Amino acid sequence: EIYLTTQLHVVAGLGYSADEQGLTQFAQHLAVVIQEADETMRDLFTEVRRDTWREVVGTVFDIQPEDIPVLSIVDARNLMHKVSSKMMAPDTLLHIQQKTAKIVDSDEQVAISRKHQILQEILVNKVYLDGSPSLVEETGFGPGAAGYAKLQCSLTDYDGDPLMAQYASVAMMKILQ
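Residues numbered from 1 in each chain as written. Predicted model: local features only at pLDDT ≥ 70, side-chain atom pairs only at ≥ 80, totals over all residues. Heavy atoms only, no water.

Caption draft 1: Layout of helix α3 (residues 39–61). An ideal rise of 1.5 Å per residue puts 33 Å on 23 residues; α3 measures up with 33 Å between its terminal C-alpha atoms. The elements touched by buried residues of α3 are α8 (144–156). The distance from a side-chain oxygen at the start of α3 to the backbone nitrogen of T40 is 3.1 Å, and the residue carrying that oxygen is D38. Residue D62 follows α3 closely and has a positive phi angle near 55°. (Helix = DSSP H or I, 4+ residues; strand = E, 2+ residues; numbered from the N terminus. Expected span 1.5 Å × (residues − 1). Contact = heavy atoms within 4.5 Å. Polar contact = N/O pair within 3.5 Å; in protein donor to acceptor, adjacent residues only side chain to side chain.)

Caption draft 2: Spotlight on the pattern of salt bridges. What the rule picks out here adds up to seven salt bridges. Between R50 and D51 there is a salt bridge; the shortest N-O distance is 3.4 Å. Across the pair K82 and E138 runs a salt bridge whose closest N-O atoms are separated by 3.1 Å. Taken together, the residues span a long stretch of sequence, with K82 in helix α4 (residues 73–87) and E138 in helix α7 (residues 135–138) at a distance of 56 residues. On the accessibility criterion, E138 (47% relative accessible area) is partly exposed. Taken together, the shared-partner salt bridges in this structure form one network comprising D91, K126 and D130. (Salt bridge = Lys/Arg side-chain N within 4 Å of Asp/Glu carboxyl O. Buried < 20%, exposed > 50% of the residue type's maximum accessible area, 1.4 Å probe, protein only.)

Caption draft 3: Structural detail: the packing of aromatic side chains. Scanning the entire structure with this criterion turns up two aromatic pairs. Ring geometry for Y16 against F26: centres 5.6 Å apart, planes inclined by 80°, an arrangement best described as edge-to-face. With Y16 in the loop between α1 (2–13) and α2 (20–36) and F26 in helix α2, this pair connects stretches of sequence that are ten residues apart. Between Y128 and Y148, the aromatic rings sit 4.8 Å apart at their centres with planes inclined by 75°, giving edge-to-face as the arrangement. A residue pair is termed long-range when its members are at least 10 positions apart, and Y128 in helix α6 (residues 108–128) and Y148 in helix α8 qualify at 20 residues. A relative accessible area of 8% means that Y128 is categorised as buried. (Phe/Tyr/Trp six-rings, centres within 6.5 Å; stacked < 30°, edge-to-face > 60°.)

Caption draft 4: How the structure looks around a nonpolar patch on the surface. Taken together, the side chains of M41, L44 and V48 make up a nonpolar region of the molecular surface, amounting to roughly 240 Å² of accessible area. Residue class for M41 comes out partly exposed when judged on its relative accessible area of 35%. (Patch = residues over 30% accessible without salt bridge, like charges linked within 9 Å, V, L, I, M, F, W, Y side chains within 5 Å. Areas by Shrake-Rupley, 256 points an atom, 1.4 Å probe, with all protein chains shown as cover.)

Caption draft 5: Examining the side chain of T100 more closely. Structurally, T100 can be placed in helix α5 (residues 90–101). Since its relative accessible area comes to 16%, T100 is described here as buried. Here the side chain of T100 touches I96 through a polar contact of 2.8 Å, landing on its backbone oxygen. Residue contacts for T100: discarding those within four places in its chain leaves K115 and I118.

Now the structure itself:
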């Protein structure tokens, strides 16, 4: 929340509206600039973005940024495949179905919001943190919330990767069914 608020404040100072549209427009313009930049500048943008995000996550979870692993694209893709496979596992889907089916509210937006919250809790607790060892421990990120934060931070380095996006998208579509 603090990170998002800070981003909105900064983009407003650059002439964009201080809302989701302004942030989206800024991100689109930045993507064009990065795409048109030479390789050295692209690498610099990538490094600054990664380091900034690691600093924020490190502060929130009391993790030293240098303790957050940097994955190769191959390792990140393999990890995302493992995550998405666990998201689509029959026991995960059944658990989601059982918990969300119990939510009834006359206000459809409230019901959707509550289902979304339950979905997030299930994904974090069942996909990433459940089991012995848990997925975050099995993949070398350590236990609990800090392990989860490290894993997410490492995956974020490849946010724009089409294969990783496909893995996540297929899993989410299966969950939403």
